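# Reading the structure
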Amino acid sequence: MHQKTLVELSADLQKGSCSSEELTRACLDRISKYDGELNSFVTVVEQQALAAAQAADARIKAGTAGPLTGIPFAHKDIFCTLGVKTSCGSKMLDNFIAPYDATVTRKLLEAGAVMVGKTNMDEFAMGSSNETSFYGAVKNPWDAATVPGGSSGGSAAAVAARLVPASTGTDTGGSIRQPAALCGITGIKPTYGRVSRYGMIAFASSLDQGGAFTRTAEDAAVMLGAMAGFDPNDSTSVDRPVDDYSSGLNAPLQGLKIGLPKEYFGEGLDAGVAAAIEASLDEYRKLGATLVDISLPNTHLSVPAYYVVAPAECSSNLSRFDGVRFGYRASEPKDLEDLYTRSRGEGFGDEVKRRILVGTYALSAGYYDAYYLQAQKVRRLIRDDFLRAFGQVDVIMGPTAPSVAFRLGEKADDPVSMYLSDIYTIAVNLAGLPAMSIPAGFSDGLPVGLHVVGNYFEEARLLNVGHRFQQATDWHTHSPQGF
Ligand code: GLN
């Protein structure tokens, strides 16, 4: 059962060949069997999940089910879930029971999807390896000595190990796409504003966007369809109808123009990854697409601009964690100052502190113009590069990450080399564009992800481009040994 995709399971549920309760129990069993090793979950909500599964079964019997009704899934522990611990991977929120549901949580609940638990992640979504979590690192199911990517590493590992057919994630600079690539699954980050951020704990508000992990693009269409939509509770949510992501999946790719930025195929790209990407591009050529060489000349500025903008916004967002209102509070403070400093000093981990320091500095009087404002200008240039490219091509492709999964600890002491894991994904967040990573082969026995970037609100096209590829290839069907 665990090898079936979400869409296959959904058909089984409709036919009555299995119940949601059976399916949910099977997922819970797999989690208890394998997650000791993987550490992909922070919280498992067995009783709640079984109750939700029974309700879903009743709905299926009553004939009021949708495609997600009865499907077990996991939430990244950044989405608020009413009555369930929502830790954001941090000691700061280790005791936080969310008093309300995020909009994404509510939407999936209404669709009848069954949440089995909350997944491990880099602390406050800051990281590319899941090593900054208060709950310890997540292991990559393809090789337990390597990282699953981050920050949504738990969500990616859980789907890759077939513990759940789908999970949610968030992507500020690559946190859905890079772990999807490193774990050999499909991950989609929609256009900024497409999925509500209400109740999604903020890291960098102008970049954060929720999305989904699944094995296939076809499954991702179902998840995204349920998650997307206007939300008056999020002022950056876009009031625009949600496309039917599933209906156009089979459209032929004849005549599709794929842009290949020369900046994505240069120095720093691992040879094995490059070879897998080249082979995938050949596959697209066979499917009728045309490959066009393009340039995104400001690509080299994206990581530096991001590491001003994201820390600046995080320093402001994380100021709410002060030991007073919610979250961790230092014991026996001498006075208010001591309460603030020790609560934050003890509650946050090193990477979060590093970002707060950098961000506070970048926003301080006298430096704001030199750093923050400058980074915002660079951001505009990066966006303009993409707009120019989309005047010429339909989608842009390249590798999702420069290498396959690296070893645990390998980059932990070298923030700059860690930051470079997102070199191909970050510009997309700075521009607010939708993008996806799909399995595209292996290098040294580890998965490679193909990055597909679309124009604004062209999620349906991305999913179509992913689905046709997955009909022609079988990379998405490979599963890690031992699971
Ligand atoms: N790895 C990037 C960072 O550490 C992106 C994280 C994310 O997308 N949440 O900021």
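Predicted model, so just to flag it, every value in this text is computed and none were measured.

### Some details on the side chain of T191
Mapped onto the secondary structure, T191 falls in the loop between β5 (186–189) and β6 (210–214). Take T191: its relative accessible area is 1%, and that puts it in the buried class. Among the polar contacts made by the side chain of T191, one reaches the main-chain amide nitrogen of F457 at a distance of 2.8 Å. Not counting residues up to four positions away in its chain, the partners in contact with T191 are Q209, G432, L433, P434, Y456, F457, E458 and E459.

### Examining the side chain of K118
Along the chain, K118 turns up in strand β3 (residues 114–119). At 3.0 Å, the side chain of K118 and the backbone oxygen of F79 are in polar contact. Within the structure, the side chain of K118 is placed 3.3 Å from the backbone oxygen of K85, a separation counted as a polar contact. Not counting residues up to four positions away in its chain, the partners in contact with K118 are S40, F41, V42, T43, H75, K76, D77, F79, T81, V84, K85 and T86.

### Details of the pairing of strand β7 (residues 257–261)
With respect to burial, β7 is a largely interior element, four of its five residues being buried. Where β7 and strand β8 (residues 290–294) come together, five bridges link them in parallel fashion. Looking at the pairing, L260 lines up with D293 of β8. Handedness of the crossover joining β7 and β8 through helix α8 (residues 271–286): right-handed.

### Points about unusual backbone geometry
Residues apart from glycine generally show negative phi values, whereas peptide bonds are mostly found in trans. With an omega of 5°, the peptide bond running from G150 to S151 counts as cis. Located in the positive-phi region is N39, a residue other than glycine, with phi close to 65°. Counting through the fold element by element, N39 comes out in the loop between α2 (20–38) and β1 (41–44). A positive phi angle, near 60°, is found at F457, a position not held by glycine.

### Considering the site of the ligand
Every one of the 15 residues lining the ligand counts as a neighbour, but T172, G173, S175, Y306 and D422 are closest to it. Here an oxygen atom of the ligand and a side-chain polar atom of Y306 are 2.6 Å apart.

### Let's talk about the environment of I71
Position of I71 relative to the elements: it lies in the loop between α3 (46–62) and β2 (72–76). On the accessibility criterion, I71 (0% relative accessible area) is buried. Sequence separation of I71 and V7 is 64 residues, and the distance between their C-alpha atoms is 9.4 Å. Contacts of I71, omitting those with residues within four sequence positions, involve L6, L9, S10, L13, G112, A113, V114 and P165.

### Thoughts on the pattern of salt bridges
On inspection of all chains with the given rule, the structure shows 19 salt bridges. Close ionic contact of R197 with D234 constitutes a salt bridge, the shortest N to O distance being 3.7 Å. With R197 in the loop between β5 and β6 and D234 in the loop between α7 (217–227) and β7, this residue pair connects regions lying 37 residues apart in the sequence. Per residue, the accessibility class of R197 equals that of D234, and both read buried. One continuous salt-bridge network, built from bridges that share partners, spans K4, D12 and K15.

### Side note on the nonpolar core
Among the nonpolar cores identified, the biggest contains 146 residues, and L68, F124, Y284, F386, M397 and L463 are the most heavily contacted of them. Beyond its immediate stretch of four places on either side in the chain, F124 contacts C88, S90, M92, L93, I201, F203, L318, F321, F348 and V352.

### Looking at the packing of aromatic side chains
This model, assessed by the stated rule, comprises 18 aromatic pairs. Note on F96 and F326: the rings are 5.7 Å apart at their centroids and 40° apart in plane angle, and the pair reads as tilted. With a gap of 230 residues between them, F96 in the loop between β2 and α4 (103–110) and F326 in the loop between α9 (302–317) and α10 (336–347) connect regions that are remote in the sequence. Look at F326 and you get partly exposed, because its relative accessible area is 32%. Ring geometry for F321 and F348: centres 6.3 Å apart, planes at 90°, overall edge-to-face. On the criterion of sequence distance, the pair formed by F321 in the loop between α9 and α10 and F348 in the loop between α10 and α11 (350–363) is long-range, its members being 27 residues apart. Judged by its relative accessible area of 3%, F321 is buried. Look at F348 and you get buried, because its relative accessible area is 5%. One aromatic cluster is present, built from ring pairs that chain together F96, F124, F321, F326 and F348. Stacked on the ring of Y328, the Lys or Arg K91 has its end atom at 4.9 Å from the ring centre.

Reading guide: rules and limits
Position labels on residues start from 1 in each chain and follow its written sequence. This being a predicted model, a pLDDT of at least 70 is required before a residue's local features are given, and a value of 80 or more before pairs of side-chain atoms are given or counted; all residues contribute to the totals for chains, interfaces and linings. Side-chain calculation: all heavy atoms of the structure are included, whereas hydrogens and water are not. Secondary structure elements are defined from DSSP: runs of H or I of at least 4 residues count as helices, runs of E of at least 2 residues count as strands, and each element is numbered from the N terminus. Each residue is assigned to one of three classes by its accessible area relative to the maximum for its type, calculated with a 1.4 Å probe on protein chains only: buried under 20%, partly exposed between the two thresholds, exposed over 50%. Throughout this description, a polar contact denotes any pair of N or O atoms lying within 3.5 Å of each other; where both atoms belong to protein, one of them has to be capable of donating a hydrogen while the other can accept it, and for residues adjacent in sequence the pair is counted only when both atoms sit in side chains. When checking whether two residues touch, look at their non-hydrogen atoms; a contact exists if any pair is within 4.5 Å. Pairing between strands is defined by DSSP: at least two bridges between the two strands are required. Consider the strands pointing away from the viewer: the crossover is right-handed when the path from the first strand over the helix to the second runs clockwise. Consider each residue's heavy atoms; a residue with any of them within 4 Å of a molecule or strand counts as near. The rule for a salt bridge is simple: a side-chain nitrogen of Lys or Arg has to be within 4 Å of a carboxyl oxygen of Asp or Glu. Buried residues of nine kinds, namely Ala, Val, Leu, Ile, Met, Phe, Trp, Tyr and Cys, make up a nonpolar core once their side-chain atoms join them within 4.5 Å. In summary, the pairing rule links any two rings of Phe, Tyr or Trp, Trp by its six-membered ring, whose centres are within 6.5 Å, and it sorts them by plane angle into stacked for under 30 degrees, edge-to-face for over 60 and tilted for everything else. To sit over a ring, a charge needs its Lys NZ or Arg CZ within 6 Å of the ring centre and within 35 degrees of the ring normal.

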